[in-house]
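The chain contents come next:
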Amino acid sequence: MVSNNLKIIFSGPVGAGKTTAIQTLSDTPPISTNESASDMTKKRKRETTVAMDYGTMNLDGNEKIHLYGTPGQERFNFMWDILTSGGLGLVMLIDNTRKDPIKDLLFFINSFKDYIDKTALSIGITRTDLRSYPRISNYHQALKDININVPVFQVDAREYSDVAMLVQALLFSIDPGVGTDNE
Amino acid sequence: MKDNTTNISAIGLNLRSIKTFEFFFKKTCKGRYVLCESHNDANITLVDIDVPGSNNALKEQQLINPKNKFVCLSIADNNKLNLPHIKKPINSASLIAILDSFAKVEPSKESKDIVADNTNKTNDLIARENSRQFNKNRSALAGRHIGANDDTGFFGDNEDISTKNSKDITKVTYHPKKMFQGAVIEGYHIAKQNNCAIQVTALGISIIIDPSNSKVYTTTPERIFRPICLLETNNKAQFKHLGVEHLKDKVSHFQSNKDTDDNCSDIDTFLWKITLWSSRGRIPEDTDLSVPVYLAHWPNLTRLDNIPHAPRIAALLISAPDTLCHVAEKLQIPQRYVFGFYSAAHTLNLSSNARRQVDSLFKPVDKPVSQSRSILRKIFKHITRKSQADNSIQKQNNAQ
Ligand SMILES: Nc1nc2c(ncn2[C@@H]2O[C@H](COP(=O)(O)OP(=O)(O)OP(=O)(O)O)[C@@H](O)[C@H]2O)c(=O)[nH]1
Ligand SMILES: [Mg+2]
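Residues numbered from 1 in each chain as written. Chains lettered and ligands numbered in written order. Predicted model: local features only at pLDDT ≥ 70, side-chain atom pairs only at ≥ 80, totals over all residues. Heavy atoms only, no water.

Draft legend 1. Quick peek at the overall build of chain B. Looking only at helices and strands, chain B has 12 helices and 14 strands in total. For chain B, the exposed surface amounts to about 20500 Å²; the carbon and sulfur share of it is 49%. (Helix = DSSP H or I, 4+ residues; strand = E, 2+ residues; numbered from the N terminus. Areas by Shrake-Rupley, 256 points an atom, 1.4 Å probe, with all protein chains shown as cover.)

Draft legend 2. Looking closely at the domain arrangement of chain B. Taken domain by domain, chain B comprises domain 1 (6-117) and domain 2 (168-352). A straight line from the C-alpha centre of domain 1 of chain B to that of domain 2 of chain B covers 58 Å. (Domains from an automatic or database assignment.)

Draft legend 3. The pairing of strand β4 (residues 69-74) of chain B, seen in detail. Residues and elements named next belong to chain B. Counting buried positions over the six residues of β4 gives five, a clear majority of the element. Crossover connection from strand β3 (residues 44-48) via helix α2 (residues 54-64) to parallel β4: handedness right-handed. When β4 meets strand β5 (residues 85-87), the two strands line up parallel, connected through three bridges. Residue pairing across strands places C72 opposite H85, the latter belonging to β5. (Buried < 20%, exposed > 50% of the residue type's maximum accessible area, 1.4 Å probe, protein only. Right-handed = clockwise from strand over helix to strand, strands pointing away. Pairing = 2+ DSSP bridges.)

Draft legend 4. Summary view of the sheet that holds strand β1 (residues 6-11) of chain B. All names here are of chain B. Taking strand neighbours across the sheet as the criterion, the five strands line up as β2-β1-β3-β4-β5 in an open arrangement whose pairing is parallel. Of all strands in the sheet, those with a lone pairing partner are β2 (33-35) and β5, marking the two edges. Recorded for the sheet is a direction-independent mean angle of 25° between the axes of neighbouring strands. Against the sheet, α2 engages β1, β3 and β4, with an angle of about 140° to β1. (Axes fitted to C-alpha atoms, helices over the stretch in contact; angles between N-to-C directions. Contact = heavy atoms within 4.5 Å.)

Draft legend 5. Up close: the packing of aromatic side chains. Within this structure, the stated rule accounts for 13 aromatic pairs over all chains. Geometrically, the ring pair formed by F108(A) and F112(A) is stacked, given 6.5 Å between the ring centres and 15° between the ring planes. An identical accessibility class is assigned to F108(A) and F112(A); each is buried. Between the aromatic rings of W272(B) and F341(B), the centroid separation amounts to 6.1 Å while the plane-to-plane angle is 90°, which identifies the pairing as edge-to-face. Residue W272(B) is located in helix α8 (residues 267-279), and its partner F341(B) is located in helix α11 (residues 335-347); the two are separated by 69 residues in the primary sequence. Site record: aromatic cluster; members linked through ring pairs are F154(B), F155(B), W277(B) and Y337(B). Seen from the ring of Y133(A), R135(A) lies directly overhead, with NZ or CZ sitting 4.6 Å from the centre. (Phe/Tyr/Trp six-rings, centres within 6.5 Å; stacked < 30°, edge-to-face > 60°. Lys NZ or Arg CZ within 6 Å of the ring centre and 35° of its normal.)

Draft legend 6. Highlighting the packing of helix α7 (residues 160-174) of chain A against helix α9 (residues 310-319) of chain B. Between α7(A) and α9(B), the shortest axis-to-axis distance is 9 Å and the interhelical angle comes to 40°. Between α7(A) and α9(B), the angle falls in the class oblique. Read as a crossing pair, α7(A) and α9(B) show a hand that is right-handed. On the side of α7(A), the interface is formed by M165(A), Q168(A), F172(A) and S173(A), while α9(B) contributes P311(B), R312(B) and A315(B). Grouping the constituent residues of the contact of α7(A) with α9(B) by class yields four nonpolar, two polar and one charged. (Parallel < 35°, antiparallel > 145°, perpendicular 65-115°, else oblique. Left-handed = near helix turned anticlockwise from the far one by under 90°. Nonpolar A, V, L, I, M, F, W, Y, C, P; charged D, E, K, R; others polar.)

Draft legend 7. Expanded view of helix α1 (residues 18-25) of chain A. The buried fraction of α1(A) is high, at seven of eight residues. Inspection of α1(A) places K18(A), T19(A), A21(A), I22(A), Q23(A), T24(A) and L25(A) among the buried residues, and these make up the whole buried set.

Draft legend 8. Inspection of unusual backbone geometry at higher detail. In this structure, P134(A) follows Y133(A) across a cis peptide bond, with omega equal to -5°. Along the chain, the position of P134(A) falls in the loop between β6 (120-126) and α6 (136-145). A positive phi angle is found at N62(A), which is not glycine, with a value near 60°. Along the chain, N62(A) turns up in the loop between β3 (47-58) and β4 (64-69). Backbone geometry at S214(B) places phi at a positive 55°, although glycine is not the residue there. The residue S214(B) is located in the loop between β8 (205-210) and β9 (215-218) in this model.

The structure is reproduced here in structure tokens:
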């Protein structure tokens with residue numbers, strides 16, 4: 001059985017790019033429980049995740065990091081705390097083109113508060129190519145107001161280097177000494 | 001049907017919700033609950049009372065199956081039906097608690113390791129391998145964050161110094177105000193103060209700073225900027241206010257210039273790069289190496305030129321202010337990378353000597369480091385390796 005710690009959770013609102021980010025990182029064909037979206041979600045995108053996304057990063061020595069994506073729609077929230085038992089930390093993706101992305105951010109931070117307190121968090125703002133407001137500085141201000149200081153990057157979930165930076169920032173937030181060679 | 005399973009039916013749940021519950025009951029509750037189609041077979045019925053028509057369906061079922069237990073799900077805080085209630089978003093613990101109380105089963109002890117060991121058990125999920133083909137048009141910066149490429153002219157080749165030796169210290173300092181960097185920063189201040197676009201001209205080069213969208217326009221290619229950044233301006237920089245029409249003309253002129261491929265960039269990206277070329281792994285001359293520096297927040301590293309070890313330096317300085325040399329020592333990296341990082345972050349107003357208590361803006365929160373460093377390091381290596389492969393593919397694509 002795999003150690004429960006070897007897990008990174010991706011979360012965020014509908015369409016923020018969770019499924020895509022896991023596809024981008026995963027070394028195995030990712031599994032998604034996507035369906036064609038109906039009702040509200042359809043206005044924004046064709047497919048949505050109903051249960052979860054899953055992928056792996058295959059490390060040296062046969063070790064695996066499990067990547068889990070939570071479903072974005074709020075009514076599936078109860079999946080969230082199932083997925084977030086244990087794990088290295090949370091990568092939160094926020095879609096900059098939604099109506100009130102800062103509100104999304106605060107909602108998700110609040111929803112995962114206990115988990116974040118226990119582990120680490122990095123935040124990726126997606127779709128800034130489509131809409132540049134709010135700016136990264138607005139997100140930092142909102143986070144400062146609630147006394148949280150975590151990495152926030154503009155990312156495109158389709159870009160390996162962007163998603164990898166989110167994971168790196170997560171690792172180094174847990175332990176900045178990770179990259180030192182001679183220990 | 002097994003003896004210890006409880007059947008659950010649903011009113012008002014659509015296919016997606018049903019799938020989610022199926023997954024949840026199977027994985028989290030280890031099959032103690034199963035969804036059934038007919039209310040007649042059920043012991044418990046979940047009712048989404050937010051769905052139109054579900055109230056009537058509920059009343060009907062209460063008459064047909066009076067022995068069933070009914071649980072309401074709603075975004076409201078409670079229901080007027082005098083039934084057990086779970087507020088959405090549904091918390092799995094409260095759901096299990098209510099179900100367990102009805103089913104009179106021992107509460108689950110096993111719901112911990114639910115997902116991690118499900119790797120092979122997800123066959124029932126809709127497996128779908130998505131195509132990874134997506135638009136490969138990247139910005140000039142993207143794809144360069146990881147992996148130390150020092151062909152940039154960003155860091156020079158200064159050796160590490162000892163802070164006890166003042167001669168050594170002057171070797172690693174520079175005077176931003178006297179250089180092109182200083183002119184750009186001054187121009188940006190003027191632009192922000194007056195809320196008006198400014199054309200900065202120094203050393204024969206012009207740039208336009210538009211504070212309304214935080215953009216910089218220029219026709220000067222990078223290969224010229226790089227050496228220019230090392231020259232002193234002798235206080236001869238000129239700053240010209242541009243009205244809206246004038247700005248429009250200038251910008252369209254700049255953008256039609258074919259000499260450079262990137263005529264427009266975010267001001268932060270531009271300042272970061274200019275600073276790295278000017279500082280070459282050194283620090284502004286007014287920096288006190290004996291005093292800790294703080295980092296107010298993480299730089300937007302995905303859209304800034306790569307500095308080797310930048311995320312590690314950032315993580316360390318966010319956790320608590322520290323002196324620059326100590327950061328280099330702790331991370332076992334050449335000081336010039338830390339100096340370059342500091343200079344660039346300082347230009348973006350993110351970092352400075354922490355002279356007052358309040359400068360250490362955030363108190364470091366002590367979190368238990370439960371993760372083994374070896375696994376974190378493996379992840380890091382894995383990402384670095386893949387990034388490098390990704391970069392070289394990118395370079396090939398760009399070359400074609
Ligand atoms: N233009 C643009 N598109 C993006 C970016 N990031 C992700 N996308 C696209 O956004 C779409 C939605 O991404 P998904 O990965 O399905 O989003 P999700 O978070 O899994 O959504 P749910 O499962 O419904 O919660 C995909 O078509 C992605 O390719 C970005 O930075 N810019
Ligand atoms: Mg999805």
